[in-house]
Amino acid sequence: MANLIDGKRISAEIKDELKEKVEKLKQQGITGCLAVIQVGDDPASSVYVRNKKRACEYIGIESCSYELSGDTSQEQLLELIQKLNQDKKINGILVQLPLPGHIDENKVIEAIDPTKDVDGFHPQNVGALLSGLPGFVSCTPAGVIQLLKRSGISMEGKNCVVVGRSNIVGKPMAVLMLRENATVTVAHSKTQNLKQICKCADILIVAIGKPKYIDASYVKEGAAVIDVGIHRNAENKLCGDVDFEDVCPVAGAITPVPGGVGPMTIAMLMHNCVESMTAARA
């Protein structure tokens, strides 16, 4: 039976470390403020925004909330971002995704000052990641690395398969695993022989957006399985991209849903916010 990788415990550990760091920065006169922008009233987005504000409060940094109506124009949103870019009090800017259909997400992401882009989505930060230069790293992949490290799972020399090639998770995840000296395969919807490829993985990271898609037949005996997906099933219960009950007897270690990768995303967002407090003054 697989060891459970406890994202709740590890994220709490990271937030406690950050809380201590923020206190030391405050003693040097350095404070932080995260601007959170939400356009529209999508219920899931509202929950995420609330959780981010709570995390800010816990570690000791301020958050400023901008709740805009769903019919806010792209120009109005870009004007607000420009104002926040110039505001020296604001260290981090986060625009909650997804945005309404009439707004171009790429233009919004590109408008954020890269030194305040705590989500790590700006092309400059993505390029820095690829080049091995300093910059903010996308929070979910960064969280997965911490889950593995703090669970004592070595990545060096291991075969890692990342299932999914999104800009937010799959691609940066592959680059971060390469940084840790893993041998990385990126699989996706056009991959042939997906099952055989997954069964070669010592570390299998799944981010495909399909509920319970990966069952035990995809998993090598003793592999570490990281489930990035989150869905609601027919009974309205949360589940991931991995069939947890089926995979558990085969895997060596596995993340649950909920309580695995999810809490880590917010912990790493807070990590980026704390980094931004000093980066803005460098």
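It should be noted that the structure appears before, not after, this text.
Values in this document were obtained by computation on a predicted structure and should not be read as measured data. (Residues numbered from 1 in each chain as written. Predicted model: local features only at pLDDT ≥ 70, side-chain atom pairs only at ≥ 80, totals over all residues. Heavy atoms only, no water.)

**Examining the nonpolar core**
Now for step 1: Of all hydrophobic cores here, the largest spans 51 residues; its most connected members are Met177, Ile203, Ile205 and Met270.
Now for step 2: Residue contributions to this core peak at 10 residues, all from helix α10 (residues 261–279).
Now for step 3: When residues no more than four places from it in sequence are discounted, the contact partners of Met270 are Leu18, Leu34, Lys52, Ala55, Cys56 and Ile59.
Now for step 4: Membership of the second largest hydrophobic core comes to 21 residues, among which are Leu204, Val225, Val247 and Val250. (Core = buried A, V, L, I, M, F, W, Y, C linked by side-chain atoms within 4.5 Å. Buried < 20%, exposed > 50% of the residue type's maximum accessible area, 1.4 Å probe, protein only. Helix = DSSP H or I, 4+ residues; strand = E, 2+ residues; numbered from the N terminus. Contact = heavy atoms within 4.5 Å.)

**Digging into a nonpolar patch on the surface**
Now for step 1: Taken together, Val47, Tyr48, Ile230 and Leu238 make up a surface patch of nonpolar side chains, about 320 Å² in accessible area.
Now for step 2: Position of Ile230 relative to the elements: it lies in the loop between β8 (224–227) and β9 (231–232). (Patch = residues over 30% accessible without salt bridge, like charges linked within 9 Å, V, L, I, M, F, W, Y side chains within 5 Å. Areas by Shrake-Rupley, 256 points an atom, 1.4 Å probe, with all protein chains shown as cover. Salt bridge = Lys/Arg side-chain N within 4 Å of Asp/Glu carboxyl O.)

**Some remarks on the packing of aromatic side chains**
Now for step 1: With the rule as written, the count across this model stands at one aromatic pair.
Now for step 2: Centroid distance Tyr213 to Tyr218: 6.0 Å. Interplanar angle 50°. Geometry classified as tilted.
Now for step 3: Here the guanidinium or amino end of Lys19 rests over the ring plane of Tyr58, the centre of that ring lying 4.3 Å away. (Phe/Tyr/Trp six-rings, centres within 6.5 Å; stacked < 30°, edge-to-face > 60°. Lys NZ or Arg CZ within 6 Å of the ring centre and 35° of its normal.)

**Quick look at the sheet that holds strand β3 (residues 62–68)**
Now for step 1: Pairing within the open sheet is parallel, and its three strands lie in the order β3-β2-β4. The open sheet terminates on both sides in strands that have one partner only, identified here as β3 and β4 (92–95). Neighbour to neighbour, the strand axes of the sheet diverge by 15° on average, direction disregarded.
Now for step 2: The strands touched by helix α2 (residues 43–59) are β2 (33–39), β3 and β4; relative to β2, the strand with the most contacts, the crossing angle is about 170°. (Pairing = 2+ DSSP bridges. Axes fitted to C-alpha atoms, helices over the stretch in contact; angles between N-to-C directions.)

**Quick word on the environment of Ile168**
Now for step 1: In this structure, Ile168 sits in the loop between β5 (159–163) and α7 (170–179).
Now for step 2: Taking the C-alpha atoms as reference points, Ile168 and Cys139, 29 residues apart in sequence, are found 8.6 Å from one another.
Now for step 3: In contact with Ile168, other than residues within four places in its own chain, are Phe121, Ser138 and Pro141.

**As for the pattern of salt bridges**
Now for step 1: Scanning the entire structure with this criterion turns up eight salt bridges.
Now for step 2: A salt bridge links Glu67 to Lys53, with the nearest nitrogen and oxygen atoms 3.5 Å apart. Taken together, the residues Glu67 in strand β3 and Lys53 in helix α2 connect sequence positions 14 residues apart.
Now for step 3: With relative accessibility at 56%, the residue Glu67 sits in the exposed group.
Now for step 4: What makes Lys53 partly exposed here is its relative accessible area of 26%.
Now for step 5: The partner of Glu180 in a salt bridge is Lys149, and the shortest N-O contact between them spans 3.2 Å. Of this pair, Glu180 sits in the loop between α7 and β6 (183–187) while Lys149 sits in helix α6 (residues 139–150), and the two are 31 residues apart along the sequence.

**A look at the sheet that holds β5**
Now for step 1: Spatial ordering of the open sheet is given by β1-β11-β8-β7-β5-β6, a layout of six strands whose pairing is parallel. A strand with exactly one partner marks an edge of an open sheet, and here the two such strands are β1 (3–4) and β6.
Now for step 2: Here β5 pairs with β6 via five bridges, running parallel. Bridged to Val162 within β6 is Val186.

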